[in-house]
Amino acid sequence: MKYSRMNIITLVIIALLSAVIPNVTAQEIGNDSVSLTMKNGKAIIAYHLNGAIKSAVELEVIGVTMQNAIKAKSGSDASLKIKCDKQVVLNIALCGNSPYMMLNITAPTNQKNTVLLKFKSDVMVVPDTLSDNYILFRDELNDNGGYLFPRFHMVVNMLNDGAAMFSCAWLNAGRVLSGRTTKKVNAPYDYCKIEFKGNNRLMLGLPAAKNIWGKVNKKLPVKKFQKFPWQPPFAAKWLISYSVLDLNIKSKLLFLDESYIIPTRMNNNNKVLVMALGYSIWKQDIWEGYDQADGPFSYPAYLKNGELFLRQVKFRKKVKKAKHDRPHLIYALDAKPNSTGISLMPIPALAKLLSEKELQSMRWTRLHAGYGSCDATQRIEKIFRREKQVEKQELISKIIKKMQEFHIEVRERLKQYLAWNIRTKRWLKAERLKNSQLTASATVLSENLETIDHLWKKKQTRAKEVKDFIRALNKIKALIGSAKAMEQQEDASKQLGRELRTMGGTQHHLIGAYRQCIRGVRRIAVDRLMAASDPAEVDFLTAFIERTSKILRIKHGEEGK
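In this text the structure is predicted, and so the values were computed from the model without any measurement.

Colleague: Even after reading the chapter, I still don't get the sheet that holds strand β22 (residues 273-276), so can you show me in this structure?
Modeller: Across a sheet, paired strands are connected by hydrogen bonds in the backbone, their directions being either parallel or antiparallel. Read from one edge of the open sheet, five strands run β22-β23-β24-β25-β28, paired in antiparallel fashion. Each of the sheet's edge strands pairs with one partner strand only, and the pair in question is β22 and β28 (314-315). Sheet topology note: the strand β25 (residues 295-298)/β28 ladder contains two bridges and is antiparallel. Note that in β28 the partner of F297 across the bridge is F315.

Take a look at the structure:
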């Protein structure tokens, strides 16, 4: 076949255009929950809900061109291999029929890469399993962007008025930037950038369901519960966020956002329904809660017959005061064992991305030994009141031994906090002297840590020493079989019980207050990091948050949240 000069030129132009505009024909992988389409150098992730497919997230690698995609299938799992320039390859695999997909990135070892994810979000949640989740509504987000602590390993964005969530988790990252920009007039969108060198692995999820999250804008009633028009779409560990006092209060307890568990109400009055260690609902007839660090409070939420009931959270001691000028977020990141939420929630999905060691670094380890002084002394006093101390001498000795174990362990935990505080304040001072640009951040963190010193100076005389506690325990032992009348022994046991409760109670309330303080200062550091742009400040705040992780990773049963 002969071609004219014009035909040859046309063919050349077509060939050149084909090279410049790769992958004109779309390649797609998907299941019943989520799909990814690669076309014209762009990768779009969509969620599936009620028969409709909603595009939600745009994926790209900054400065890298996606050239072509090859689809493959292994069993029930579909995958897409996207070849890019600069020796970058993206392997994207669906996780069965779940809404999660794994993104494996292959690149030269020392090559700097940045994955950019763009989406439109109503609320951003930064999960912190050692402290509390950080909730940021759209109008609170920094337009210029800020950084996240890389070892959080995840950020979750709430999408489309309660219909979907976008979970982005990373295996490793040098830095993670979260920000907002405006694509068109009045059309802002959010983005997440994960910066790293060489290879990496990300897990992206788009779980969707009606009411997968909710927002409460109106002011809630103080005393009576009010039914709220939101119903959980499936079983999970549902939470509701409440905001409390400003963090920057020197020499007072620091508080922050609290995400409260939304439990199912039960009718067995006055029985404790434990929500978490040191945190419970203890009077279900009036729905009263208890937090070891703060004492009793009016519980804010419960589910009954699939319906949600809410009210304002109210604290008895006025140490902690809720703010009611900010919306509440109803959400779930984790799931109950064997519940529907296991396959949908981002926290269980992390097990597919992170090793057990990495997961362990995000969990707190429980410390607990013996019996607390309040319950134990009441048991002993009851024995003396019934004049059974001689025949139950062995039981009393066992209780005393357990009380001593408990007190010593709490004291050690208290000492850990005090030592950590000294080391950390010295470190903050040294960092401030090395770089004057860090003065503002280092100063505000150091000033808020003064709460720990203030409380210790105020309470140490009541806490006394371990030897004082043991001395009081030995006096109880000495009462048994003594020459004192039974009534006198009972009175003496009550007096000693009060002394022991004062010493023991002061100590374990102190460690609860210390944990609250460090959680609060950690929140200050997280907020400043989310607004940071200076690389030195980003590294400094990241290092500080890591220091707080080390002390918060251990948790005594009496420390509260």
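Colleague: Would you mind showing me how to read the side chain of S131 here?
Modeller: Tracing the sequence through the fold places S131 in the loop between β10 (123-126) and β11 (134-137). A polar atom in the side chain of S131 sits 3.3 Å from the side chain of R519. Not counting the four nearest positions on each side in its chain, S131 is found in contact with R519, R522 and L552.

Colleague: Looking at this model, I keep getting lost on the packing of helix α7 (residues 466-479) against helix α8 (residues 486-530). Mind explaining?
Modeller: Two quantities define a packed helix pair, namely the angle between the helix axes and the distance between the axes. For the pair α7 and α8, interaxial distance at closest approach is 10 Å and the crossing angle is 160°. Viewed along their axes, α7 and α8 adopt a mutual orientation that is roughly antiparallel. The crossing of α7 and α8 is left-handed. Here α7 contributes D468, F469, A472, L473, K475, I476 and L479 to the contact with α8, which in turn contributes Q489, A492, S493, L496, E499, L500, M503 and G504.

Colleague: Just checking my understanding: could you explain the nonpolar core for this structure?
Modeller: Side chains that are nonpolar tend, in soluble globular proteins, to be buried together. If you look at the biggest cluster of nonpolar residues, it comprises 94 residues, and the most contacted ones within it are L117, I194 and L445. In terms of residue count, α8 provides more of this core than any other element does, 12 residues in total. Counting residues in hydrophobic clusters, the runner-up holds 58 residues, among them M203, L239, Y242 and A301.

Colleague: What should I look at first to understand the packing of aromatic side chains in this one?
Modeller: Pairs of aromatic rings are described using the distance from one ring centre to the other and the angle between the two planes. In this structure the tally under the stated criterion is 16 aromatic pairs. Pairing Y260 with F297 gives two aromatic rings, centres 5.8 Å apart and planes at 40°, and the pair type is tilted. Of this pair, Y260 sits in strand β21 (residues 258-261) while F297 sits in strand β25; the two residues are 37 residues apart in sequence, bridging distant segments of the chain. The residues Y260 and F297 share a single accessibility class, namely buried. By way of ring pairs, the aromatic residues F225, Y242, Y260, W287, F297, Y299, Y302 and F309 are connected into one cluster. Positioned above the aromatic ring of W282, the side-chain terminus of K283 is 5.7 Å from the ring centre. Stacked on the ring of Y371, the Lys or Arg R379 has its end atom at 5.4 Å from the ring centre.

Colleague: I'm lost on the sheet that holds strand β27 (residues 307-310) in this one. Help?
Modeller: Spatial ordering of the open sheet is given by β19-β27-β26, a layout of three strands whose pairing is antiparallel. Every other strand in the sheet has two partners, leaving β19 (226-228) and β26 (301-304) as the edge strands with one partner each. Across this sheet, the average inter-strand angle for adjacent strands is 35°, counted without regard to direction. Examined bridge by bridge, β26 and β27 share four bridges and lie antiparallel to one another. Within the sheet, the bridge partner assigned to L303 lies in β27 and is L308.

Colleague: How should the confidence of the model for the protein be read in this particular structure?
Modeller: Interpreting fine coordinate detail is not advised for predicted regions of low pLDDT. For the protein, per-residue confidence averages 87 on the pLDDT scale, and 89% of positions sit at 70 or higher. The model gives residues 8-24 a pLDDT under 50, and that stretch makes 15 contacts with residues more than four places away or in other chains.

Colleague: Got a minute to help me understand α8 in this structure?
Modeller: Because an α-helix packs 3.6 residues into every turn, residues spaced three or four apart end up facing the same way. Its 45 residues place the ends of α8 65 Å apart at the C-alpha level, agreeing with the 66 Å of an ideal helix rising 1.5 Å per residue. In terms of burial, α8 is largely enclosed, as 32 of its 45 residues are buried.

Colleague: Sorry, what's going on with the pairing of strand β17 (residues 200-205) here?
Modeller: As a general feature of sheets, a regular strand has side chains that alternate between the two faces. Most of β17 is tucked away, with five of its six residues classed as buried. Of the pairings in the sheet, the one linking strand β8 (residues 100-106) to β17 comprises six bridges and is antiparallel in character. Across the sheet, M101 pairs through a bridge with L204, a residue of β17.

Colleague: Honestly, helix α6 (residues 439-463) in this entry has me stumped. Any pointers?
Modeller: End to end, α6 covers 35 Å across 25 residues, agreeing with the expected 36 Å (1.5 Å per residue, within 8%). Considering bend angle alone, the principal kink of α6 is centred on K457 and spans about 40°. Buried within α6 are the following residues: S441, A442, V444, L445, S446, N448, L449, T451, I452, L455, W456 and A463. Tucked inside the fold, the buried residues of α6 contact α5 (393-434), α8 and α9 (535-552). The first or second residue beyond α6 is K464, which carries a positive phi of 55°.

Colleague: Looking at this structure, how should I read the state of the cysteines?
Modeller: Cysteine pairs can be covalently joined through their sulfur atoms, and such a bond is termed a disulfide. Applying the stated criterion across every chain, the model contains zero disulfides. A disulfide-free cysteine, C168 has its sulfur positioned 4.5 Å from the sulfur of C192, the nearest such atom.

Criteria and thresholds
- Residues numbered from 1 in each chain as written.
- Predicted model: local features only at pLDDT ≥ 70, side-chain atom pairs only at ≥ 80, totals over all residues.
- Heavy atoms only, no water.
- Pairing = 2+ DSSP bridges.
- Helix = DSSP H or I, 4+ residues; strand = E, 2+ residues; numbered from the N terminus.
- Polar contact = N/O pair within 3.5 Å; in protein donor to acceptor, adjacent residues only side chain to side chain.
- Contact = heavy atoms within 4.5 Å.
- Axes fitted to C-alpha atoms, helices over the stretch in contact; angles between N-to-C directions.
- Parallel < 35°, antiparallel > 145°, perpendicular 65-115°, else oblique.
- Left-handed = near helix turned anticlockwise from the far one by under 90°.
- Core = buried A, V, L, I, M, F, W, Y, C linked by side-chain atoms within 4.5 Å.
- Buried < 20%, exposed > 50% of the residue type's maximum accessible area, 1.4 Å probe, protein only.
- Phe/Tyr/Trp six-rings, centres within 6.5 Å; stacked < 30°, edge-to-face > 60°.
- Lys NZ or Arg CZ within 6 Å of the ring centre and 35° of its normal.
- pLDDT = per-residue confidence, 0-100.
- Expected span 1.5 Å × (residues − 1).
- Bend = angle between axes of the 7 residues up to and from the residue.
- Disulfide = S-S within 2.5 Å.

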